[in-house]
Amino acid sequence: MVTPVLGLDSPHPCPCGPLGSRAWPLAPALVLVLALGCNGGESDDDGSSTTATTMPSPTGDPSTGTPSDPTATCPAGNLGCPCQSGNTCEQGVCMEGTCVESSNSTSTTASVDSGSSDDTEDATPACGNGSPEPGELCYGQVSFFQSTPDARFATLTDFDDDMHLDLLLAGTADNVVAIRLGDGTGDLSPELTYPAGPGPVSVGVGAFGGDEALDVVVAQQGSNAIAVLLGDGNGGLLGPPLPDTVGLAPSALLVTDFDGDGTSDVLTADSASNTVTYLEGVPGAGFAPPVSFLVGAGPSDLFVGELSGDANLDLVVTNAAANSFGVLLGTGVATLGTHTPTSTGTTPGSLSVGDFNGDGNLDLVTANLGTDDLRLRYGDGTGTFAAEIPFPVGADPRSLVALDFDGDDTLDLAVANTGANTVTVLLGTGGGMFAAPRVFEVGAQPWSLAAGDLNEDGLADLIAGCVGESTLAVLLSEA
């Protein structure tokens, strides 16, 4: 049965400003850290967000430059008159083809030697001018949506094949998968929930049903299994979940083509049996019998990719109970060598892997709940890593995402700090360096974190699942 859940429409009214499969010596320059605090909020019935920017109405038709008085003229560049992208306005800023006022820019009158006066404009604002610039992190006020309780995992993907990102959640308290469809504006449809079996804690998307529709696979921590929920091709799910046994208490899963046959496979991190389980996908027939690999104590997150440059896929896993991460180098197609552990911070719950210093080798960073930090190690291209570099963040950093958030082609990091009720973003500045952290206040106990260009402005947005109040905190870029 499909259960609709209505969302909270109104975002919390609060001041806003520029700030800021999962790293960085701090730059010496000082960076302003602005915490965006939000409380309260009203509820409507359609589950959509009402966050909007209020603009003055133009004086005429912006497409023709014709003012409301047909005998007058509307000089290009004046408020209410037409403009071109790139901020060609003499007053204000250019938004959607029309010059509008901006609280970040002012016009002043300056005296010149000839005694005449000239209108000059202050420097173009870093955010809000409609043009993304490297180094900008332009998140406005936080918008809140009601969420399924205990949303421990979130991911953004185009699930209904309409070219817009959609949100999928694992709702552990109600044993559901929740779906909110996006429309490309940053808004989300009302939430629909589907039964997912006992204790869903992680969600992946792949083609498992033998057709072209995307399907959902869920890690069922309460039944030591994964379960596939077949997609209907329109953003919904069909029938009951179809389970397959894995190791004990799976805490995370990864959908990937592990054997290179063009079919989606699944790997799980099994926290109570200290294993990673591999399930080979068989088109239209579920999965082949599971294959297990022994790892460290309490595996919590995993990554698959080429670490050693030999064309074999390798595995990295965080071992939360052993305060380590482990590497299993590929020895052939879908085969792995022994687990080699390396110590890291206390209770690593999440990891990200990417080339942070631009040397062509994959590097690794862990988010460590017990030491309230992220720890980076640069890879050398052989599957081993250099000494770790710790970077303090908020309390209980739990969910970590690596992505280019400011459009400068350099990887950045974002982490949800469950104990601090914040999200921290660190912008990469090149060469493995990072600017000072930028902190955003969100809802109570942000547990899950998803990133993607939800409003399609060319910059990544963030969504945090706040389990302490069953809400989604949405940070949209405002370049």
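From a predicted model like this one, the values you see are computed outputs, not experimental measurements. (Residues numbered from 1 in each chain as written. Predicted model: local features only at pLDDT ≥ 70, side-chain atom pairs only at ≥ 80, totals over all residues. Heavy atoms only, no water.)

Description of the overall build of the protein chain
Stated precisely, the cut-off is as follows: Put simply, DSSP marks the helices as runs of H or I at least four residues long and the strands as runs of E at least two long, and each gets a number from the N terminus on. Each residue's exposure class comes from its accessible area (1.4 Å probe, protein chains only) as a fraction of the maximum for that residue type: buried when under 20%, exposed when over 50%, partly exposed otherwise. In short, Shrake-Rupley with a 1.4 Å probe defines the accessible areas, and a residue's cover is counted only from the protein chains shown.
Each helix and strand in the protein chain was counted, giving zero helices and 39 strands. A total of 479 residues make up the protein chain; the buried ones form 50% of that total. Split by element, the accessible area of the protein chain, about 19200 Å² in all, is 52% carbon and sulfur.

Observations regarding the side chain of Thr318
Note the following rule: A 3.5 Å cut-off defines polar contacts: any pair of N or O atoms within that distance qualifies, except that in protein one atom must be a possible hydrogen donor and the other a possible acceptor, and neighbouring residues in sequence count only when both atoms are side-chain atoms.
Considering the arrangement of structural elements, one finds Thr318 in strand β22 (residues 314–319). Separated by 2.8 Å, the side chains of Thr318 and Ser300 make a polar contact.

Some details on the pattern of salt bridges
To keep it simple, the criterion reads: Take a side-chain nitrogen of Lys or Arg and a carboxyl oxygen of Asp or Glu: if they are within 4 Å of each other, that pair is a salt bridge.
Tallied over the entire structure, the rule returns four salt bridges. In this structure, the salt-bridge partner of Asp150 is Arg152, at a minimum N-O distance of 3.2 Å. Its relative accessible area of 17% is what places Asp150 among the buried residues. By relative accessible area, Arg152 is classed as partly exposed at 28%. Ionic contacts of the salt-bridge type, sharing partners, join the residues Asp373, Arg375, Arg377 and Glu388 into one network.

Quick notes on the pairing of strand β19 (residues 275–279)
Test applied: Strands pair, by our definition, only if DSSP identifies at least two bridges between them.
Most of β19 sits inside the fold, with five of its five residues counted as buried. A two-sided burial pattern is seen for β19, the buried positions comprising Thr275, Thr277 and Leu279 on one face and Val276 and Tyr278 on the other. For strand β18 (residues 265–270) and β19, the ladder comprises five bridges, and the chain directions are antiparallel. In the strand pairing of β19, Thr268 is matched with Thr277. Connecting the antiparallel pair β18 and β19 is a turn made up of four residues, with Asn274 showing a positive phi of about 55 degrees. As paired elements, β19 and strand β20 (residues 291–294) share four bridges and run antiparallel to each other. Across the sheet, residue Thr277 finds its bridge partner in β20, namely Ser292.

Digging into the pairing of strand β21 (residues 299–305)
The two faces of a sheet get side chains in turn, since along a regular strand they alternate between them. Counting buried residues along β21, seven of its seven residues qualify, which places the element largely inside the surrounding structure. Relative to β22, β21 runs antiparallel, the two being bridged by six bridges. Note that in β22 the partner of Phe303 across the bridge is Val316.

Concerning the confidence of the model for the protein chain
Spelled out, the test is: pLDDT is defined as a per-residue confidence score from the predictor, taking values between 0 and 100. Two residues qualify as a contact provided that any one of their heavy atoms is within 4.5 Å of a heavy atom in the partner residue.
On average, residues of the protein chain score 80 in pLDDT, and 74% of them are at 70 or above. Across residues 1–73, confidence stays below pLDDT 50; counting only partners more than four residues off in sequence or on other chains, it has 183 contacts. Here residues 102–125 scores under 50 on pLDDT; set against residues more than four positions off or in separate chains, the count is 33 contacts.

Things to note about the nonpolar core
Selection rule: The definition of a nonpolar core used throughout is a set of buried Ala, Val, Leu, Ile, Met, Phe, Trp, Tyr and Cys residues joined through side-chain atoms within 4.5 Å.
Within the largest apolar cluster, 20 residues are counted, with the highest numbers of intra-cluster contacts made by Phe405, Val425, Leu449 and Leu462. Going through the elements one at a time, β32 (412–417), β33 (422–426), β38 (461–466) and β39 (471–475) are the ones with two or more residues in this core. Ranked by residue count, the leading element in this core is β38, at three residues. The next biggest cluster of nonpolar side chains, apart from the first, holds 16 residues, and it includes Val276, Tyr278, Leu302 and Val317.

Some words on the sheet that holds strand β15 (residues 225–231)
Note the threshold: Angular values range over 0 to 180 degrees, each being the angle between N-to-C directions of two axes fitted as lines to C-alpha atoms, with helices fitted over their stretch in contact.
Across the sheet, four strands lie side by side as β13-β14-β15-β16; this open sheet has antiparallel pairing. This sheet does not close on itself; its edge strands, each paired only once, are β13 (200–206) and β16 (237–245). Taking the axes of each pair of neighbouring strands and ignoring which way they run, one obtains an average angle of 25 degrees across the sheet. With six bridges connecting them, β13 and strand β14 (residues 215–220) associate as antiparallel partners. Bridge assignment links Pro200 to a residue of β14, and that residue is Gln220.

Notes on the sheet that holds β20
Pairing within the open sheet is antiparallel, and its four strands lie in the order β17-β18-β19-β20. What marks the edges here is a single partner per strand, and that holds for β17 (250–256) and β20. The sheet shows a mean angle of 20 degrees between the axes of neighbouring strands, direction not considered.

Quick word on the packing of aromatic side chains
Put simply, the test is: Centre distance within 6.5 Å is the pairing criterion for rings of Phe, Tyr and Trp, where only the six-membered ring of Trp is used; planes under 30 degrees apart are then read as stacked, over 60 as edge-to-face, and the remainder as tilted. Either the NZ atom of lysine or the CZ atom of arginine qualifies as a charge over a ring when it sits within 6 Å of the ring centre and within 35 degrees of the ring normal.
Within this structure, the stated rule accounts for five aromatic pairs. Plain terms: the ring middles of Phe208 and Phe287 are 5.6 Å apart, the flat faces sit at 50 degrees to each other, and that makes the pair tilted. Pair noted here: Phe208 is in the loop between β13 and β14 and Phe287 is in the loop between β19 and β20, with a separation of 79 residues, a long-range link. The class for Phe208 is buried, based on a relative accessible area of 9%. Phe287 gets classed as buried once you look at its relative accessible area, which sits at 12%. One residue, Arg152, lies across the ring of Trp447, its end atom 4.9 Å from the ring centre. Positioned above the aromatic ring of Trp447, the side-chain terminus of Arg398 is 3.7 Å from the ring centre.

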